[in-house]
Amino acid sequence: MTVRKNQAQLTADEKRRFVNALLALKRNGQYDSFVTTHNAFIMSDTDNGDRVGHRSPSFLPWHRRFLIQFERALQSVDPSVALPYWDWTADRTTVSSLWAADFLGGTGRARDGQVMDGPFAAASGGWTVNVRVDGRTFLRRALGSGGRQLPTKAEVESVLAMPAYDAPPWNSSSDGFRNHLEGWRGVNLHNRVHVWVGGQMATGVSPNDPVFWLHHAFIDRLWSEWQRRHPDSPYLPAAGTPHVVDLRDTMRPWNDVTPADMLDHRPYYTYDTAA
Ligand SMILES: [Cu+2]
C-alpha cells in the first residue's frame, strides 16, 4: 500500500531511496517524458480553447493521474517508494531540510541560478536538463527571491473554506476553490509556490525540478482535505461544457480516465496523517 508522507518526516533511508529512484528514471529516459508531457499541456491549455491540465476544472484530477503514473514509475524501480508531500505552510524557509544536500539540494548561486549541491546539481552528472525552453542544461533555483513569501496556513484555510469546486467560465478567471487553489485568482497558492522556487519550476518545464512532485502532492492533499470539509460539493461542471473536461469526460493524454475516476485517492494511496 502506498502511503504518502510529509517530506519533513522521511528517514534518511527513505530520502535516499526516493532520490535513487528519481535518478534511475532520469537515466532510463522515463523522467524526461513526464517533463515533455507537462510542457505540452502547459503550452496547449488556453482560457478560451481546450484546456485539460491547467486553468480548468480538471487541473486537480489531471495532476492526480499524472502523479499516480509517476509514482508507479518510481515504484517500478523501488517498490518501497511513495511520493512525499511538501507542506510549504510549515516548511517555508530556504533552510528547511527539504533543501539539504542529502535530499533536493539548495538554492541556485547568484550568478546563473545554478544549483550547486545535492543529487540534482549539474556537477553530480546525473541530472542534465534535456527538455528545456532555453540553452541552459543545469538545474536552476532562486528560492524566495521573487519577494513574495510562501502561502500561509491562514491563506490555505481561506481557500479550503470555499464551498464551490469551480465556476463558469471554468478558466483562469473563475471564482471557486479550484482556481483559488491553482492561484490565478485571489491569495494564490499553487502558482505562487512555483514562482517562489524559481528556475525551471517557474516555467512550463517545471517537472525538471524534483520538488515539482512534492509540491503537487501537497496540492493534491489539499484537494482531499477540501472534499472532507465539503462532502456535498461535487466536481463541476457535470456535463455538456465545450472545451472543458466534464465529470465523466475522458482526459487527454490517457483517454481512459475521467475526473469521476480520480475523485477518491484511497484506491491508489493514503496519507501518513488524516487529511
Ligand atoms: Cu504546478
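Calculation notes
- Residues numbered from 1 in each chain as written.
- Predicted model: local features only at pLDDT ≥ 70, side-chain atom pairs only at ≥ 80, totals over all residues.
- Heavy atoms only, no water.
- UniProt positions renumbered as here; feature names shortened; annotations may be inferred.
- Helix = DSSP H or I, 4+ residues; strand = E, 2+ residues; numbered from the N terminus.
- Rg over C-alpha atoms; globule rule 2.2 N^0.38 Å.
- Buried < 20%, exposed > 50% of the residue type's maximum accessible area, 1.4 Å probe, protein only.
- Contact = heavy atoms within 4.5 Å.
- Areas by Shrake-Rupley, 256 points an atom, 1.4 Å probe, with all protein chains shown as cover.
- Donors = N, O, S within 2.8 Å, 3.2 Å for Na, K, Ca; no water.
- Axes fitted to C-alpha atoms, helices over the stretch in contact; angles between N-to-C directions.
- Parallel < 35°, antiparallel > 145°, perpendicular 65-115°, else oblique.
- Left-handed = near helix turned anticlockwise from the far one by under 90°.
- Nonpolar A, V, L, I, M, F, W, Y, C, P; charged D, E, K, R; others polar.
- Core = buried A, V, L, I, M, F, W, Y, C linked by side-chain atoms within 4.5 Å.
- Salt bridge = Lys/Arg side-chain N within 4 Å of Asp/Glu carboxyl O.

Within an unreviewed UniProt entry, the label attached to the chain reads Tyrosinase family protein, and the organism entered is Streptomyces marianii. The chain has a UniProt comment under Cofactor (unreviewed entry) that states "Cu(2+)". For the chain, the Sequence similarities (unreviewed entry) comment in UniProt is given as "Belongs to the tyrosinase family."

Trainee: Honestly, the overall build of the chain in this entry has me stumped. Any pointers?
Mentor: The number of helices and strands found in the chain is eight helices and two strands. When its helices and strands are written in sequence order, the chain yields β-α-α-α-α-α-α-α-α-β. Taking 275 residues into account, the globule formula puts the C-alpha radius of gyration at 19 Å, and the chain, at 18 Å, falls close to it. The proportion of buried residues among the 275 residues of the chain is 56%. Across the chain, contacts joining residues at least 24 apart in sequence account for 69% of those joining residues at least 6 apart. Split by element, the accessible area of the chain, about 11,100 Å² in all, is 53% carbon and sulfur.

Trainee: How do you make sense of the coordination of the copper ion when you look at a structure like this?
Mentor: Note on metal geometry: ideal angles are 109.5 degrees for four donors arranged tetrahedrally and 90 or 180 degrees for six donors arranged octahedrally. The copper ion binds to the protein through His190 (NE2), His194 (NE2) and His216 (NE2); the donor distances cover 1.9 to 2.1 Å. Mapped onto the sequence, the donors of the copper ion take the spacing H-x3-H-x21-H. Residue His190 and its partner His194 are located together in helix α6 (residues 190–197), separated by four residues, close to a single helical turn. For His190, a relative accessible area of 4% puts it in the buried group.

Trainee: Sorry, what's going on with the side chain of Arg192 here?
Mentor: Counting through the fold element by element, Arg192 comes out in helix α6. Take Arg192: its relative accessible area is 6%, and that puts it in the buried class.

Trainee: Please clarify how the packing of α6 against helix α7 (residues 211–229) should be interpreted in this entry.
Mentor: Helix-helix packing is characterised by the crossing angle of the two axes and by the distance between the axes. Where α6 contacts α7, the axes come no closer than 11 Å and their chain directions differ by 160°. Considering the angle they form, α6 stands roughly antiparallel to α7. The element α6 and its partner α7 pack so that their crossing is right-handed. Side by side, α6 and α7 meet where His190, Val193, His194 and Val197 of the first sit next to Val211, Phe212, His215, His216 and Ile219 of the second. A per-class count over the contact of α6 with α7 returns five nonpolar, four polar and no charged.

Trainee: I keep staring at the nonpolar core and nothing clicks. Help me out?
Mentor: Nonpolar side chains in soluble globular proteins tend to be buried together. Among the nonpolar cores identified, the biggest contains 69 residues, and Phe70, Leu74, Trp86, Trp88, Trp99, Phe177 and Trp213 are the most heavily contacted of them. Among the elements of the structure, α1 (12–27), α2 (30–44), α3 (59–77), α4 (153–160), α5 (177–182), α6 and α7 are those that each provide at least two residues to this core. Take this core: its biggest share by element is 10 residues, from α7.

Trainee: Please clarify how the environment of Gln7 should be interpreted in this entry.
Mentor: Tracing the backbone shows Gln7 in the loop between β1 (3–4) and α1. Judged by relative accessible area, which is 0%, Gln7 ranks as buried. Along the sequence, Gln7 and Trp213 sit 206 residues apart, while their C-alpha atoms lie 11 Å from each other. In this view, Gln7 contacts Lys15, Pro84, Tyr85, Trp86, Asp91, Ser96, Ser97, Leu98, Phe103 and Leu214; residues no more than four positions away in its chain are not counted.

Trainee: Just checking my understanding: could you explain the pattern of salt bridges for this structure?
Mentor: Side chains that differ in sign of charge can pair as their charged atoms come close. Tallying each qualifying case throughout the model produces 21 salt bridges. Among the ionic pairs, Lys153 bridges to Glu157, the shortest N-O distance being 3.8 Å. In this pair, Lys153 and Glu157 are both assigned in helix α4, four residues apart and thus about one turn of the helix distant. Overall, the relative accessible area of 51% leaves Lys153 in the exposed class. Take Glu157: its relative accessible area is 27%, and that puts it in the partly exposed class. With its nearest N and O atoms 2.7 Å apart, the salt bridge here joins Asp166 to Arg178. Within this pair, whereas Asp166 is found in the loop between α4 and α5, its partner Arg178 is found in helix α5, the two being separated by 12 residues in sequence. For Arg178, a relative accessible area of 0% corresponds to the buried category. The structure contains a network of salt bridges with shared partners spanning Lys153, Glu157, Glu225, Arg228 and Arg229.

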